[in-house]
Structures are given as structure tokens and as C-alpha cells.
Amino acid sequence: MIIKTVDSVQKATEGVEDGMTFMLGGFGLCGIPENAISELVRLNIKNLTCISNNAGVDDFGLGQLLHKKQIDKMVSSYVGENAIFEKQMLSGELEVELIPQGTLAARCQAAQQGFPAIYTPAGYGTEVAEDKETREFDGKMYVLEEAFKADFAFVKAWKGDKAGNLVFKGTARNFNPVMCGAAKITVAEVEELVEPGELDPNHIHVPGIFVQRIFQGKNYEKRIEQRTVRQKD
Amino acid sequence: MALDKNGIAKRIAKEVKDGYYVNLGIGIPTLVANFVRDDIQVEFQSENGILGMGPFPIDGEEDADLINAGKQTITARPGASFFDSATSFGMIRGKHVDLTILGAMEVAENGDIANWKIPGKMVKGMGGAMDLVASAENIIVAMMHTNKAGESKLLKRCSLPLTGVGCVTKIVTNLAVIEVTDNGFKLLETAPGVSVEDVQNATEGKLIVEGDIPEMQL
């Protein structure tokens, strides 16, 4: 067995530098690597490129890095919830590459699985496909999209064991599994870190081979963006 | 009387058939789930990673780890499943989802759709919309017939950046049900109290009217 645990978020983020490209899991604020983001804010590294489906909200998630102007470029599919983001984007301070959500997932997965690129129908005939190679298969047009290249992937799981095996909960899974192993170093933070053998191998969502460092996360806020409820009948 | 948002959702719910897996977009499409007959088997997919989406949770039972693509707290129905984003879009790209219902800012008479960007004004992003419209074969657009300025949203050509080309099959608005054909918008039904002329006046693109047009049954 190969042990992947590190005992702090500081150890887990060792090696991050100005100008690097990071992948960050999560959908909205659901399943984001809260501890890693806080540490990146504290380290105040700059000129980052962040690949993440969304950009957090003004004062939480990636919004904190935007607030401190640590990010030069975002690669995302939807950024509607973030006023700082919109301001920095419209002023040209922040470079933004908006891409279809399925393409974002596929480019992560391609990086994880060793495909240099994939063909997708998403975005064909739109500005997303401008200057990209296209090809027809069975009468339908597809766009060639390249695998991402990233220095670190920061993901968050519900449970993990010391061998780096991960289990997710609910829709907090989202982009986290496809980012594992898609960067040079994958850092997983978990709500509950357990001993090897405690997780049923039948129920592992991400095998530990895709994870280089795992640590027990702390103080999860797990903020809800749109609290929608109904009353008991 | 033109329909309100719930009226549009109610009419679209009639397009949801037994055994369908359905992806609902944000806005009016989300309301469709409230009107689907309860004697048929239907599963709702949300592209952030759930099949078998249920209603909003009872107050106090909301879970931060269980949301839909609109970031709203939801519940999971018995038989539901969770999955990662690549698997989710695999379902969509692989045409395993039977029906996609989404909103739009503009639809053109050739089936082009625009719903993600107003240059210089609003850029929220396409989210999953480009993947959905590029792959789904059965795409219904739910929207108001005109924008806030009173201008038609059913156009000869979209003026905004496109989300997808030649993909919309049906449009349900506050005024009408319209099919997108090779020759243009074909009027299928009018909303209660709305005349063919009203629809014609609110439609910039080519509107095909053949024979008597029935009124929507809601």
C-alpha cells in the first residue's frame, strides 16, 4: 500500500507558485475544496490560471482569489453569480475563456486518461468553435477540443482513505472525479479521512492512483447558494 | 389571455411522455416538473450530476451536497443516482436523455438558438446549454414570445452569439406552440384568447399558418 496522507493543508499545497494553472472541483459552491482555496488565498500567489466550472461568489470560494486579484485567467462554463468576476472580466483585468460545461468535463477527463484531444458536437457553429479544427462523422459536425494541462488539481471528497481512495456524497461529486489525475499533482481534501480497509473497495468512486496527496479538511462551511425549500404538507 | 410562466410550463408538461428522461433548464423549464402527470414514469436529470431529481426539500432538511444545476437545494427520489460531470454529459451527448427543455433569448426560423451572452452587457456563460442543444434530438424552448422591450424573440436570424445551430424542434411561448420546420416557424396552437394575428404580429421570422389553428388545451 502506498500512503498519500499529508498532515496539513500547508504540506498539501507545497510547490504551488505564481503563474501556475490549477484545476478546482465543485459546481457552484457545492463540493469545492474550501481548505485548499483558503490556503491559496493566504499564500497570495499571483498570475494564476484557474480551471473551474464556476468562479464562486463574491466572498466565498474562488471569489476570494478574485477579490485579491490572484487570478489572471479563468476557464469556466458559467459565472453568473459573481459581481467581482463580471466587473474584472468586462474591464479586461481578468481573461476569461468560457467553454461548454460538457467540454470542460471532457477536457479534464481527456487529461486524466491520456487522450490529447476529443471531438465534441458542443459549440459547433458558435464562437466557441472559432479557429478550432472541425470534422464530420456520420453527417454531423464536431469540434476538436484539447486536453487541459494543469500543475495542480484541488478536489474535495466526502470520505477518503490514506491510500487516496475517494468517495463523494450527493451532487458534491460533479467535476471532482474527472480532475483527479488530470494535473501533475492532485490534492484531495476530505471531510473524513479513514484507515485503508475501512472503505469498501466496491464503493470507491476514485481509485487512489489518481491522487498524490490527501488530507483531513477542517471547518467546512458548505455554504448554500440558493436555499429553496417547501413547507410540510 | 396570454399565458404566464406557469401556463407555459403546464403546456410543455404535456410533451413529457411515459418513460422519458428529461433535462430541465433554469427558469420556466424548472416549473415543468410541477405539472407532469403523476400516472407516467418520468425521471429528471440535472447536469451537475443527478438522475431522479425530486422536489425542493422540506424546510430544515436542505443539504448543501444536494443541489440542481440552478444551485437550488433539491431532494433525490427513490431510485435516484449521482454521478460525475463527465458521465452526466455522456448521458446527454450519447442521446440517452429523451427531452431537453430550456429557455432562450432568441430563436431563429432555422432552429438556431441564442441564450448565453449579450456582448458588452451580460456574460454569464453557456453552462451546459451548448452541450445539450448540440446533442439532443428533442429540444423544446420555453420562453416569452417577446422581450421586455416588446421585440420578437422569434427571428429570421439570431442577432446574439449562438448557443447552437439548427437544433430547436419546438417552442412554447405565452402566445403559441410553434414547430420549427425546414420552411420556418409553423404555428401549431394559440394560447387561450390569443388570435393568429396576435402571434403573427409578435413573430419576426416566417410564420406558417395552415388551416384552422386549435387553441391550447391546458
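Residues numbered from 1 in each chain as written. Chains lettered and ligands numbered in written order. Predicted model: local features only at pLDDT ≥ 70, side-chain atom pairs only at ≥ 80, totals over all residues. Heavy atoms only, no water.

Q: How should the pairing of strand β8 (residues 152–161) of chain A be read in this particular structure?
A: Residues in a regular strand point their side chains to alternate faces of the sheet. Residues and elements named next belong to chain A. Judged by how many residues are buried, β8 sits mostly within the fold: eight of 10 residues are covered. The pairing of β8 with strand β10 (residues 185–194) spans nine bridges and is parallel. By the bridge assignment, A153 is partnered in β10 with T186. Where β8 lies against strand β9 (residues 166–167), two bridges are found, and the strand directions are antiparallel. For K159, the partnering residue across the bridge sits in β9 and is V167. As consecutive antiparallel partners, β8 and β9 are separated by four residues, and within that stretch G164 has a phi angle of approximately 90°, a positive value. (Buried < 20%, exposed > 50% of the residue type's maximum accessible area, 1.4 Å probe, protein only. Helix = DSSP H or I, 4+ residues; strand = E, 2+ residues; numbered from the N terminus. Pairing = 2+ DSSP bridges.)

Q: I would appreciate a short explanation of the sheet that holds strand β10 (residues 139–142) of chain B in the present structure.
A: Paired through backbone hydrogen bonds, the strands of a sheet run either parallel or antiparallel to each other. Residue and element names in this part refer to chain B. Across the sheet, which stays open at both edges, the 10 strands sit in the order β4-β3-β2-β1-β5-β10-β12-β13-β14-β15 with mixed pairing between neighbours. Of all the strands in the sheet, just β4 (75–82) and β15 (207–208) have a single pairing partner and so form its edges. Sheet topology note: the strand β2 (residues 43–46)/strand β3 (residues 50–54) ladder contains two bridges and is antiparallel. Residue pairing for β3: Q45 is matched across the bridge by L51.

Q: Help me understand the interface of chain B and chain A in this model?
A: Note on interface size: it is often stated as the accessible area lost on association of the parts. Contacts between the two partners involve 49 residues from chain B and, on the opposite side, 51 residues from chain A. Between chain B and chain A, roughly 4100 Å² of surface is buried when both sides are summed, and carbon and sulfur atoms account for 59% of that area. In terms of surface lost to chain A, no three residues of chain B exceed D65, K71 and K124 of chain B, which account for 19% of the buried area on that side. Inspection of the region where chain B meets chain A yields five salt bridges. E62 of chain B is the salt-bridge partner of R227 of chain A, the closest N and O atoms lying 2.5 Å from each other. The interface formed by chain B and chain A contains 25 residue pairs in polar contact (both at pLDDT 80 or more). Put simply, the parts of the chain that give the side of chain B that touches chain A at least two residues each are α3 (85–93), β9 (122–123) and α4 (129–135) of chain B. Considered class by class, the residues forming the side of chain B that touches chain A number 22 nonpolar, 14 polar and 13 charged. (Contact = heavy atoms within 4.5 Å. Buried area = accessible area lost by both parts, 1.4 Å probe. Salt bridge = Lys/Arg side-chain N within 4 Å of Asp/Glu carboxyl O. Polar contact = N/O pair within 3.5 Å; in protein donor to acceptor, adjacent residues only side chain to side chain. Nonpolar A, V, L, I, M, F, W, Y, C, P; charged D, E, K, R; others polar.)

Q: It is not clear to me how the environment of I99 of chain A should be interpreted in this structure. Could you clarify?
A: Among the secondary structure elements, I99 of chain A is positioned in the loop between β4 (95–98) and α5 (101–113). Taking C-alpha positions, I99 of chain A is 27 Å from T13 of chain A, a pair spaced 86 residues apart along the chain. Apart from residues lying up to four places away in sequence, I99 of chain A is in contact with V75, S76, S77, L104, R107 and F148 of chain A together with M126 of chain B.

Q: Got a minute to help me understand the layout of surface pockets in this structure?
A: Residues and elements named next belong to chain B. Size it by volume and the largest pocket reaches roughly 1200 Å³. In terms of lining residues, the largest pocket is bounded by 46 residues, among which I26, G103, A104, M105 and N115 are the most central. Put simply, the parts of the chain that give the lining of the largest pocket at least two residues each are β1 (21–24), α2 (28–32) and α4. Split by residue class, the lining of the largest pocket holds 21 nonpolar, 16 polar and nine charged. Here the second largest pocket defines a volume of roughly 750 Å³. (1 Å grid on protein atoms, 1.4 Å probe; cavity = no way out; pocket = protein on both sides within 12 Å on 5 of 7 lines; lining within 4 Å. Points joined across faces, edges and corners; volume = space filled by probe spheres on them.)

Q: Please clarify how the side chain of T21 of chain A should be interpreted in this entry.
A: In this structure, T21 of chain A sits in strand β1 (residues 21–24). With residues up to four places along the chain from it excluded, the contact list for T21 of chain A reads T49, I51, K149, A150, D151 and F152 of chain A.

Q: Explanation requested: empty space enclosed by the protein in the structure shown.
A: Regions of empty space are outlined by a rolling probe, equal in size to a water molecule, passed over the atoms. Residues and elements named next belong to chain A. The final tally for this structure, using the stated rule, is four cavities of 30 Å³ or more. Taken as a whole, the largest cavity spans an internal volume of roughly 60 Å³. Taken together, L24, G25, G26, G28, I32, I37, S52, N54, A55, G56, G61 and L62 form the lining of the largest cavity. Split by residue class, the lining of the largest cavity holds five nonpolar, seven polar and no charged.

Q: So what exactly am I meant to see when it comes to the confidence of the model for chain B here?
A: Atom-level detail of predicted coordinates should not be read off regions where pLDDT is low. Counting all residues, the mean pLDDT for chain B is 96, and 100% of those residues have values of 70 or more. Taken over the whole predicted complex, pTM reads 0.96, whereas the ipTM for its chain interfaces reads 0.97. (pLDDT = per-residue confidence, 0-100.)

Q: Quick question: what am I supposed to make of unusual backbone geometry here?
A: Working note: non-glycine residues mostly have negative phi, and peptide bonds are mostly trans. Located in the positive-phi region is N174 of chain A, a residue other than glycine, with phi close to 30°. Tracing the chain through its elements places N174 of chain A in the loop between β9 and α6 (176–179). Its identity as a non-glycine residue notwithstanding, K71 of chain B has a phi of 70°, on the positive side. The residue K71 of chain B is located in the loop between β3 and β4 in this model.

Q: Looking at this structure, I do not really get the packing of aromatic side chains. What am I missing?
A: Two aromatic rings are characterised by how far apart their centres lie and by the angle between their planes. Residues and elements named next belong to chain A. Going through the model one piece at a time under the given rule, you end up with five aromatic pairs over all chains. Judged by centre distance (5.3 Å) and plane angle (85°), the ring pair of F22 and F154 falls under edge-to-face. Here F22 is found in strand β1, whereas its partner F154 is found in strand β8, with 132 residues between them in sequence. A relative accessible area of 0% means that F22 is categorised as buried. (Phe/Tyr/Trp six-rings, centres within 6.5 Å; stacked < 30°, edge-to-face > 60°.)

Q: What's the story with α3 of chain B in this structure? I'm lost.
A: Since the α-helix turns once every 3.6 residues, residues separated by three or four places project in the same direction. All of the buried residues along α3 of chain B are S85, A86, S88, F89, M91 and I92 of chain B. Here the buried face of α3 of chain B lies against α5 and α6 of chain A together with β1, β2, β3 and α4 of chain B. The residue sitting at the N-terminus of α3 of chain B and contributing the capping side-chain oxygen is D84 of chain B; that oxygen lies 2.8 Å from the backbone nitrogen of A86 of chain B. Taken from the residues just after α3 of chain B, K95 of chain B is the one with a positive phi, measuring 60°.

Q: Would you take a moment to explain the environment of N6 of chain B for this structure?
A: All names here are of chain B. Here N6 lies in helix α1 (residues 5–13). The partly exposed category is assigned to N6, whose relative accessible area is 37%. Between the C-alpha atoms of N6 and A80, which are 74 residues apart in sequence, the distance is 26 Å. Setting aside chain neighbours within four positions, we find N6 in contact with L31 and F35.

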